[in-house]
Amino acid sequence: MSRRHIIRAVVTALLAGIVLFGMIAGSSGPRDRVRAITSRLKCPVCQGESVADSPSDVSRQIVAQVQDQVSQGRTDAQIEQYFVDRYGSNELLDPPPSGRNLVLWLVPPLIFAGGVLLVQRKVTSPNRRRLRVGSVVALAACGAVLLVVFRDRSASDPSSAATPPPTTQQATDTTTRDLSTVTNDEMETVISQNPTVVGMRLAIIKRYIADGEIDKALRHSAVAVEMQSTPAEYEQALQLHGWVTFLHGEPASGAKYLRASLALAPDDRDSLWLLAQVELNGLKDPQSSLTVLDRLIGEQMDVGRRTDVLSLLNVARKQLGLAMVDLTTAMADAARSTTTPAVSG
Amino acid sequence: MVHVGQAALLVALLGAAVTMTLGWKAARSPASVSTRSLRVAAVVTFLGLLAAVAVLEDALIGNDFSFRYVADHHSSASSLFFTVANLWAGLEGSLLLWSAITGLYVLMISRRWRREDEQDRLAAGALCVASVVAGFFIAVVLFVTPVFASVAHPPKDGFGANALLQDNFLMVIHPPLLYLGYVGLVVPFSFALSALALRERGVGWVLRTQTWTVLAWMFLTAGIIIGGWWSYEVLGWGGYWAWDPVENASFLPWLAGTAFLHSAVAHARRKLLPAWSIGLIITAFLLTLLGTFLARSGVIASVHAFSQSNLGPVLLGFLIVATVISGWLFVTRMREVATAPPLKTIVSREGMFLINNLLLATFALVVLLGTAFPIFVEAVTGSQVTVGRPFFDRMAIPLSLTLIVAMAIGVVTPYREAKPADVWDELRLSVQCGLATGAVGVIFGLRQPYVLFVLVVVGTVVTTAVRQYFRAVQPRLALGESSLTAARNVLTLRPGFWGGQVAHIGVAILALGIATSGNMADRTTLTFTPAQTIHADGFTITYVHPTARRTPTHEVRGALFQVTRGDATRLMEPTLHKYPNQVQELPGPSIWTTSHGDDLYLAIVALDNTSATLRIYRYPFIYLVWIGGLMMAGGGAVGLLLRRLRKRSGGEDGFDDDDEDGDPAVSSAPLADADGEIAIPTPVGADLGLIRAAAVALRGFRTRRGAELRP
Amino acid sequence: MKRTSRIAFAIVGIMIIVGFSWAAVRSLNNGASITNSALIGKPVPGESLFDIETAEKISLNSPGNIVVINFWAPWCAPCAGEHRMLNDAVARYAQQNVRFVGIAYQSENDAVTRFLDANGHAVRTLLDPDGKAAIDFGVTGPPETFFIDGSGVVRARVAGAMSTALLDDILTKLANGTTDLSKIKLAS
């Protein structure tokens, strides 16, 4: 080999190395779970578009739901199942590879294999061996691609996905995002192993509240308010603990913690809303509740929440003997922020 | 007036029937039919259709709402341009346009019939087949979905076309282009079927239809690309291709047509792959019919699908009849018609064509599988299933990547037989350039596997094309030809090859655009209050104020944003459009193609007095998709143009020289120096040569245009 | 082509043609079914929703009663006629254990009020401002109606406006204790 050949080979290898480096460096990026899931869901009011792509209202609500469920630590499969249970199996844009759907997975490689055989028969080369090797290589490559894809799909599933990054700016509780563990028990184990991590505790408190297991929630919230944490976490811990103590039957204590939380974040609508309920239903103090609600009603919120607030407001006003606010007019005034109609079927 | 239209269609139907009969007779014994009568019948068919189109256009322009079609699809508020385009805004009108284009092709075939040969049974048979197709569609617009129906009590004004199809130039030209492409496939199909039916051996049918194939493929490509562009500009979901059943229905014939385009080259030049050629063109045409059935019968729901009608069973019937007849002919006659010399090795140009056919056919079958699977599942189990983007992407990505690699290799592979080592020698410099392109990308911070892969292929394909050109020009320059003459001679010697090169570069650029916009996009959804400023994806976006206005046809609500990046500032106004005949507001995205090469795409999600919710997408280099796509179609045009030029300068008719030595550019070993490197001529002169060649080509085209159309 | 492969080709081709035609014809004739929903046979989903007039929270589960849940929207044209029909039905079924509930789907409240003023207030109307109930029911577009039997199980779903005859047919069958309603066809 001449020097020229060697230089050329080195240059080629170097260039290939750089490109390969770039490819490998780029192949392990963070994954946006919400987008990944919503792009596998069919927008129910559109045809063929995914929820991620569709601008329709329903799709936005589904995205919000998925966001919620992701931050609750549910797996991709669970979230997909949630929507299949409601919209049916045709809600999935990518039918899972089982049962009759296996056709979709097996027929393409069979077509390809058939084609390779056809080509092999067509060629009348005396050198059959090389041809056969070529065919085997082609089929093996096809199989490898299929395998990678299969693995990719199963890997895109549950908790194996490392730390899903925050998805949109609206997501508030970044603390729970990496908690994709499945059951409460597993979460308990993790917490007992990492007793100083506030985020996990806050997450499990929310789960227990949702499950109605107030005693368990209280055990954690009592710890959470005593822990070292960031101001945001502390504020949330106070808020949750306040609500939990109220649910546990101590409205006075609950109101105290909620006010403490509000002192840290005066605009926290959740705290205001919880406090209003505690004062009205727990402390039987419609006047204070009304003050809180009046503050809350000035804030921006979606129509659902506003309806809740307005009806609580009316209950309080009724107890005080005040005139009721007309719900529809109030909604009409405030809730022009509702969205425009979506697609009709 | 409705009756005039019906009468015109009836005349066209009669004309088609007569053409069919005469074509049949002429195919059996050419002497028994006079050229004149055959051509008159074809002309009558076409004129009848032309008159029908004219009647409908007249009714549209004259706001004659006693026509049901006009009342349903037109409103007097439409501008003249869109009024004319309303011809294909509805199912019946678009079918009329479809029939008219078929009629045009029937006319073209009839002018090719050479009775003088006494032997031209092939064209007569093709005419018979094509007029059956034309007659079917005429009958459909006449009886099944009558385009000329009257309204008992004409309304004062109509509803207008579907709002999505209004007010966008792209959508106006998309359907006719697509139909020209779809229907254009009828010419090679008719000739292929005729060759089978008449047991005609040889490459005659391929040679005679190559122009039509290229033309149809060109229109189909342009139509699909423009459809995607429209989807991106108008639909507001931020994409251009959704793997929607109707999109697939246009993609399927394209895949089969592209495969046919390639095997036809091997067939015409080397008499190779005749069975593939015939099989592929039949498949392409049947897929066209299948696509029509899918899009228009209501068997599948789709954003693009026309509403349900009793058209479905009729189209299905025709599809089945066409499939049975052509399938039967293919199976029974194939052996007599298609005798091919043996293929010695896969490492050869013909072998690469075979691989291309295999990959494209697999691609088409996979897309067909994904599209038809839900229909089967619903029929068998009654339950519904959706096959969407994830499935198609998963299948399409490996297939497309393999295809473009095969494309890069195939061009430099010589005919007959080659050693892999020789092919590598040919390709090495190109691959090095490709790798260098990729490496530059990496150095500039590119880390996307797919993008880098495609970038390497782009570098390789472009370098290969440029090298091929220099290699071919070099000996001519050495012989003392001016660079202009050399360019002209080189390019016109092999119009098909150079057209193909342009198209291949287009494919590579398109692939790059798909990879960059798909893998490097940023997507955010943000809510703004007036005067609020948010930094997103490198842009500073300030919500100025909401806007509202009224146009003659509809109401527009919008949100004005001031967007800044670096020194550049833009006012962007994404909008929502409310049409009277539409419940839902339609999005009007606002797109800024920045000097960095990326698109900022703003689309409104929700808008009220207090806030605006916006989808903000940033797509790097998405315009490469349109450029690459149109360049593919342009490759077809270049091929046709060069061919015209070649014929003008007294050359032979045809896309490529059929000399036994194969490609002069590839197998011209003496050009290479001892190491297989080529001595590159002075680049300046060569560049000028290219430019001058282009100028010559243009001038040639201009002077030709006035001349008669007939070859 | 060899004889055997030719025959194989022909057989495969015929199978594909016959199969496709059969599937396509079936799909073309496929009338909508009223048991085409993932919810059929499952308990009624959803939390309680607010009544637009009394601001009470109403549960959709009403043991012992057949519940007809109609999703509608003021901007949906066929909903108006159907709503009037349901309002009449409220009176007709007053003596039976049938409750009618309308859920306003993604709508502004004043538009809902105007719609009710125009088409009658007899059907109890609940609000679903964030579309949560619609997602829970898998609603694709109004009007859509769900039938819940006395044990709180979803038995039928009708997409599109219902006729009185269809409503009566379903309610009669449900009142008789029929659980499988797949035999009922949507009138064309």
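Think of each chain on its own: its residues are numbered from 1, step by step along the sequence as written. Following the order in which they are written, the chains are lettered starting with A and the ligands numbered starting with 1. For a predicted model such as this one, the threshold for reporting local features is a pLDDT of at least 70, and the threshold for listing and counting side-chain atom pairs is 80 or more; totals across whole chains, interfaces and linings nevertheless cover every residue. Hydrogens and waters are ignored; side-chain quantities use all the structure's heavy atoms.

Draft legend 1. View of the overall build of chain A. Where helices and strands are cited, they refer to DSSP runs of H or I of at least four residues and of E of at least two residues respectively, numbered from the N terminus. A count of helices and strands for chain A gives 15 helices and 0 strands. By definition in these notes, contact holds between two residues if any of their heavy atoms fall within 4.5 Å. Sequence separation of at least 24 residues holds for 53% of the intrachain contacts in chain A that already meet a minimum separation of 6. In the form shown here, chain A has an accessible surface area of approximately 16500 Å², with 59% of it arising from carbon and sulfur atoms. All accessible-area figures derive from a Shrake-Rupley calculation using a 1.4 Å probe, and residue coverage is judged against the displayed protein chains alone.

Draft legend 2. Representation of the packing of aromatic side chains within the structure. Working definition: rings of Phe, Tyr and Trp (its six-membered ring) pair if their centres are within 6.5 Å, and the pair is stacked with planes under 30 degrees apart, edge-to-face with planes over 60 apart, and tilted otherwise. Counted under the stated rule, the structure contains 44 aromatic pairs over all chains. Where Tyr82 of chain A meets Phe83 of chain A, the ring centres are 5.0 Å apart and the plane angle is 80°; that geometry is what we call edge-to-face. The pair Tyr82 of chain A / Phe83 of chain A is uniform in exposure class, with both members buried. Following the ring pairs from residue to residue traces out a cluster consisting of Trp217, Trp241, Trp243, Phe251, Trp254, Phe363, Phe391 and Phe392 of chain B. It is Arg86 of chain A that lies over the ring of Tyr82 of chain A; its NZ or CZ is 3.7 Å from the centre. When the ring centre of Phe497 of chain B is taken as reference, the NZ or CZ atom of Arg494 of chain B above it lies at 3.8 Å. The classification of residues rests on relative accessible area computed with a 1.4 Å probe and restricted to protein chains. Under 20% of the type maximum is buried, over 50% is exposed, and intermediate values are partly exposed. We call a charge positioned above a ring when the Lys NZ or Arg CZ atom is no farther than 6 Å from the ring centre and deviates by at most 35 degrees from the ring normal.

Draft legend 3. Fine view of the nonpolar core. Residue and element names in this part refer to chain B. Residues grouped as a nonpolar core are buried Ala, Val, Leu, Ile, Met, Phe, Trp, Tyr and Cys residues, joined through side-chain atoms within 4.5 Å. If you look at the biggest cluster of nonpolar residues, it comprises 186 residues, and the most contacted ones within it are Leu9, Leu56, Leu96, Phe148, Trp205 and Phe363. Take this core: its biggest share by element is 17 residues, from helix α9 (residues 204-235). Beyond its immediate chain neighbours, meaning those up to four positions away, Phe363 contacts Trp243, Phe251, Leu255, Ala396, Leu399, Ser400 and Leu403.

Draft legend 4. Structural context of the pairing of strand β8 (residues 590-593) of chain B. Residue and element names in this part refer to chain B. Burial of β8 is one-sided: the residues Ser590 and Trp592 facing one way are buried, the residues Ile591 and Thr593 facing the other way are not. Direction of pairing for β8 relative to strand β9 (residues 598-607): antiparallel, over a ladder of 4 bridges. Directly across from Ile591, in β9, lies its bridge partner Tyr601. Linking two consecutive strands that pair antiparallel, namely β8 and β9, is a turn of 4 residues; a positive phi of about 95° is found at Gly597 within it. Strands are labelled as partners when DSSP assigns at least two bridges between them.

Draft legend 5. Quick look at the environment of Val172 of chain B. Residue and element names in this part refer to chain B. Note on placement: Val172 falls in helix α7 (residues 169-184). Classification of Val172 by relative accessible area gives buried; the value is 6%. When the C-alpha atoms of Val172 and Leu87 are compared, they prove to be 9.9 Å apart, with 85 residues separating the residues in sequence. Excluding residues within four positions of it along the chain, Val172 makes contact with Phe81, Phe82, Ala85 and Trp88.

Draft legend 6. Quick look at the interface of chain B and chain C. Contacts between the two partners involve 24 residues from chain B and, on the opposite side, 18 residues from chain C. The junction of chain B with chain C conceals about 1800 Å² of combined surface from both sides, 72% of it contributed by carbon and sulfur atoms. The largest share of the area that chain B buries against chain C comes from Val331, Arg335 and Ala379 of chain B, three residues that together contribute 28% of it. The term salt bridge refers to a pairing of a side-chain nitrogen on Lys or Arg with a carboxyl oxygen on Asp or Glu at a separation within 4 Å. Our enumeration of links across chain B and chain C arrives at 0 salt bridges. The term polar contact refers here to a pair of N or O atoms within 3.5 Å; inside protein, the definition further demands a hydrogen-donor-capable atom paired with an acceptor-capable atom, and it admits residues adjacent in sequence only when both atoms are side-chain atoms. Across the contact surface, chain B and chain C share 0 residue pairs in polar contact (both at pLDDT 80 or more). The element that contributes the greatest number of residues to the side of chain B that touches chain C is helix α12 (residues 311-337) of chain B, accounting for 12 residues. All residues other than Ala, Val, Leu, Ile, Met, Phe, Trp, Tyr, Cys, Pro, Asp, Glu, Lys and Arg, Gly among them, are scored as polar; the first ten of these are nonpolar and the last four charged. Residues of the side of chain B that touches chain C, tallied by class, amount to 16 nonpolar, 6 polar and 2 charged. Buried area is understood as the total, over both parts, of accessible area removed when two parts are fitted together, assessed with a 1.4 Å probe.

Draft legend 7. Region of the structure containing the interface of chain B and chain A. Taken together, the contact pairs 66 residues of chain B with 64 residues of chain A. In total, chain B and chain A occlude about 5600 Å² of area from one another, counting both sides; carbon and sulfur atoms represent 66% of this. We note a salt bridge from Arg394 of chain B to Asp94 of chain A, for which the minimum N-O separation is 2.9 Å. Where chain B packs against chain A, one counts 7 residue pairs in polar contact (both at pLDDT 80 or more). For the side of chain B that touches chain A, the secondary structure elements donating two or more residues are α13 (349-381), α14 (389-410), α15 (420-443), α16 (449-478), β1 (522-528), β9 and β10 (612-620) of chain B. With 11 residues, α13 of chain B is the largest single contributor of residues to the side of chain B that touches chain A. Here the side of chain B that touches chain A is built from residues that sort into 37 nonpolar, 16 polar and 13 charged.

Draft legend 8. Main features of the side chain of Ser94 of chain B. Locating Ser94 of chain B in the fold gives a position in helix α5 (residues 91-112). In this structure the side chain of Ser94 of chain B is engaged in a polar contact, spanning 2.9 Å, whose partner is the backbone oxygen of Leu91 of chain B.

Draft legend 9. Local environment of the pairing of strand β4 (residues 555-565) of chain B. Residues and elements named next belong to chain B. Where strand β3 (residues 539-550) meets β4, 10 bridges bridge the pair, whose relative direction is antiparallel. Counted as the bridge partner of Ala548 is Arg557 from β4. In textbook terms, the turn of a hairpin is the stretch between consecutive antiparallel strands, and for β3 and β4 this stretch comprises 4 residues. Pairing of β4 with strand β6 (residues 575-578), which is carried by 4 bridges, proceeds in the antiparallel orientation. Across the sheet, Val556 pairs through a bridge with His577, a residue of β6.

Draft legend 10. Expanded view of helix α8 (residues 186-197) of chain B. Residues and elements named next belong to chain B. By this rule, a helix spans an expected 1.5 Å times one less than how many residues it contains. End to end, α8 covers 16 Å across 12 residues, agreeing with the expected 16 Å (1.5 Å per residue, within 8%). Of all 12 residues in α8, 11 are buried, a share of seventy percent or more. Along α8, the residues classified as buried are Val186, Val187, Pro188, Phe189, Ser190, Phe191, Ala192, Leu193, Ser194, Ala195 and Leu196. One or two steps after α8, the chain reaches Arg199, where phi turns positive at roughly 55°.

Draft legend 11. Molecular detail of the sheet that holds β1 of chain B. Residues and elements named next belong to chain B. Taken together, the 4 strands give an open sheet; going across it, the order is β1-β10-β9-β8, and neighbouring strands pair in antiparallel fashion. Each edge of the open sheet is held by one strand with a lone partner, namely β1 and β8. Averaged over all pairs of adjacent strands, the angle between their axes in this sheet comes to 20°, without regard to strand direction. To get an axis, a line is fitted to the C-alpha atoms, and for a helix only the part in contact is used. The angle between two axes follows their N-to-C directions and goes from 0 to 180 degrees.

Draft legend 12. View of the confidence of the model for chain A. Residues and elements named next belong to chain A. Confidence of the predictor at the level of single residues is captured by pLDDT, which takes values from 0 to 100. A residue-level look at chain A finds 80% of positions with pLDDT of 70 or above and a mean pLDDT of 76. A low-confidence stretch, residues 156-182 stays under pLDDT 50, and its non-local contacts, those more than four residues away or across chains, total 53 contacts. Confidence drops under a pLDDT of 50 for residues 335-345, and excluding neighbours within four residues, the segment shows 32 contacts in the predicted structure.

Draft legend 13. Summary view of helix α12 (residues 269-282) of chain A. Residues and elements named next belong to chain A. For α12, built from 14 residues, the straight-helix expectation of 20 Å at 1.5 Å per residue is met to within 8% by its first-to-last C-alpha distance of 19 Å. Restricting attention to buried positions, one finds in α12 the residues Ser271, Leu272, Trp273, Leu274, Leu275, Ala276, Gln277, Val278, Glu279 and Leu280. Of the residues trailing α12, Lys284 is marked for its positive phi of about 55°.

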